[in-house]
Amino acid sequence: IPVYKRPSGGQAVMLSPKSIVISVLLINTNLQKPKTIFINVNQIIIDSLKSLGIKELSMHGISDISIGDKKILGSAIYRKKEKIFYQSVLNFSDDPGIFEKYLKHPSKEPDYRKGRSHTEFVTSILENAKEGLTIQKIVETLEIFFSKSEPFA
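If you're wondering where the values come from, they're calculated on a predicted model, not measured in any experiment. (Residues numbered from 1 in each chain as written. Predicted model: local features only at pLDDT ≥ 70, side-chain atom pairs only at ≥ 80, totals over all residues. Heavy atoms only, no water.)

**What to know about the overall build of the protein**
Defined as follows: Helix and strand definitions here come from DSSP, where helices need a minimum of 4 consecutive H or I residues and strands a minimum of 2 consecutive E residues; each element is numbered from the N-terminal end. For a compact globule the rule gives 2.2 Å times the number of residues to the power 0.38, and the radius of gyration it is set against comes from C-alpha atoms. Exposed residues in this analysis have more than 50% of their type's maximum accessible area, buried residues have under 20%, and partly exposed residues fall in between, with area computed by a 1.4 Å probe over protein chains only. In what follows, residue pairs with any heavy atoms lying within 4.5 Å of each other are defined as contacts. In short, Shrake-Rupley with a 1.4 Å probe defines the accessible areas, and a residue's cover is counted only from the protein chains shown. Neither His nor the chain termini are counted; the positive set is Lys and Arg, and the negative set is Asp and Glu. The location of each charge is read from NZ of Lys, CZ of Arg, CG of Asp or CD of Glu.
Scanning the protein for helices and strands turns up five helices and five strands. N-terminal to C-terminal, the α/β element order of the protein is β-α-β-β-β-β-α-α-α-α. Its C-alpha atoms give the protein a radius of gyration of 15 Å, within 12% of the compact-globule value 15 Å for 153 residues. A principal-axis box enclosing the C-alpha atoms of the protein has dimensions of 40 × 35 × 30 Å. Out of the 153 residues belonging to the protein, those deemed buried represent 41%. Within the protein, contacts between residues at least 6 apart in sequence are counted, and of these 64% link residues at least 24 apart. Here the protein has roughly 9,400 Å² of accessible surface; of this, 55% comes from carbon and sulfur atoms. Across the protein, the 22 positively charged side chains and the 16 negatively charged ones have centroids separated by 7 Å.

**Focus: the packing of aromatic side chains**
Just so we agree on the cut-off: Two aromatic rings, drawn from Phe, Tyr or Trp (for Trp, its six-membered ring), form a pair once their centres lie within 6.5 Å of each other, and the interplanar angle then sorts them: stacked below 30 degrees, edge-to-face above 60, tilted otherwise.
Evaluated as defined, the whole model comprises two aromatic pairs. For the ring pair phenylalanine 38 and tyrosine 86, a centre distance of 6.2 Å and an interplane angle of 65 degrees mean the geometry is edge-to-face. Placement of phenylalanine 38 in helix H1 (residues 34–51) and of tyrosine 86 in strand E5 (residues 83–91) is noted, with a sequence separation of 48 residues between them. In this pair, the class of phenylalanine 38 matches that of tyrosine 86, namely buried.

**Topic: the nonpolar core**
Selection criterion: For this analysis, a nonpolar core means a set of buried residues of the types Ala, Val, Leu, Ile, Met, Phe, Trp, Tyr and Cys, connected via side-chain atoms within 4.5 Å.
Ranked by size, the top nonpolar core spans 29 residues in total, and within it Ile45, Ile125 and Ile138 carry the most contacts. At the level of secondary structure, the elements contributing two or more residues to this core comprise strand E1 (19–27), H1, strand E3 (64–67), strand E4 (70–80), E5 and helix H5 (135–147). When residues of this core are assigned to their parent elements, the largest contribution, seven residues, is made by H1. For isoleucine 45, the contacting residues outside a window of four places in its chain are Ile22, Ile65, Leu73, Tyr86, Ser88, Leu142 and Phe146. Listed in part, the six residues of the second largest apolar core include Met14, Phe99, Leu103 and Phe121.

**Examining the confidence of the model for the protein**
Our working definition: Confidence of the prediction at every residue is given by pLDDT, a number between 0 and 100.
For the protein, per-residue confidence averages 88 on the pLDDT scale, and residues scoring 70 or more make up 91% of the total. Mean pLDDT in the protein bottoms out at helix H2 (residues 96–102), which sits at 87, and peaks at E3, which reaches 97.

**Some points on the packing of H1 against H5**
For the record, the criterion: Fitted lines through C-alpha atoms give the axes, limited to the stretch in contact for helices. The angle between two N-to-C directions lies from 0 to 180 degrees. Small angles under 35 degrees read as roughly parallel and large ones over 145 as roughly antiparallel, with 65 to 115 read as roughly perpendicular and the rest as oblique. We call a crossing left-handed when the near helix sits turned anticlockwise from the far one by less than a right angle, and right-handed when that turn is clockwise. When residues are sorted by character, Ala, Val, Leu, Ile, Met, Phe, Trp, Tyr, Cys and Pro go into the nonpolar class, Asp, Glu, Lys and Arg into the charged class, and all the rest, Gly among them, into the polar class.
Packing of H1 against H5 brings their axes to within 9 Å, and their N-to-C directions diverge by 130 degrees. For the element pair H1 / H5, the angle class is oblique. The way H1 lies across H5 gives a crossing that is right-handed. Here H1 contributes Val41, Ile44, Ile45, Asp47, Ser48, Leu49 and Ser51 to the contact with H5, which in turn contributes Ile138, Thr141, Leu142, Phe145 and Phe146. Residue classes in the contact of H1 with H5 are distributed as eight nonpolar, three polar and one charged.

**Here's the deal with the side chain of serine 19**
Note the following rule: Any pair of N or O atoms that falls within 3.5 Å is considered a polar contact. Within protein, one atom must be able to donate a hydrogen and the other to accept it, and sequence-neighbouring residues count only if both atoms are side-chain atoms.
With respect to the secondary-structure elements, serine 19 resides in strand E1. Polar contacts involving the side chain of serine 19 include one to the main-chain carbonyl oxygen of serine 16, which spans 2.8 Å. For serine 19, the residues in contact, after removing those within four places along its chain, are Val89, Leu90, Phe92 and Asp94.

Structural data, given as structure tokens:
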């Protein structure tokens, strides 16, 4: 398994064909605080997923999106001069056991994790969605929501 170091903050992530990577490059953002960027971008993602019938979505920790108290998305920001690069990974259908196999328990964790293992802490969109939802449908919906949202329009 190839391992790469990312320039942004956060802990390790695992990417697979069963995950969706969401990347946003913001230029000349008047030096908005990272928390503001996380809130604004994650809200667009939450609204997109809600439109597809996903329920109990909320932000937890610094920048996670969860269904109930189980994580479905983690994100990080890389900042340089007048550019901010937001990147997140949305778990569409990976079994949380795979994270347990390849990732150590993080050295830092959000309060809502409460020491839980990856298997107990992570869920997937597919596990919580109506039958027939596909990665392609989520990607199309995200593209629509981002294209209609400031400052992305």
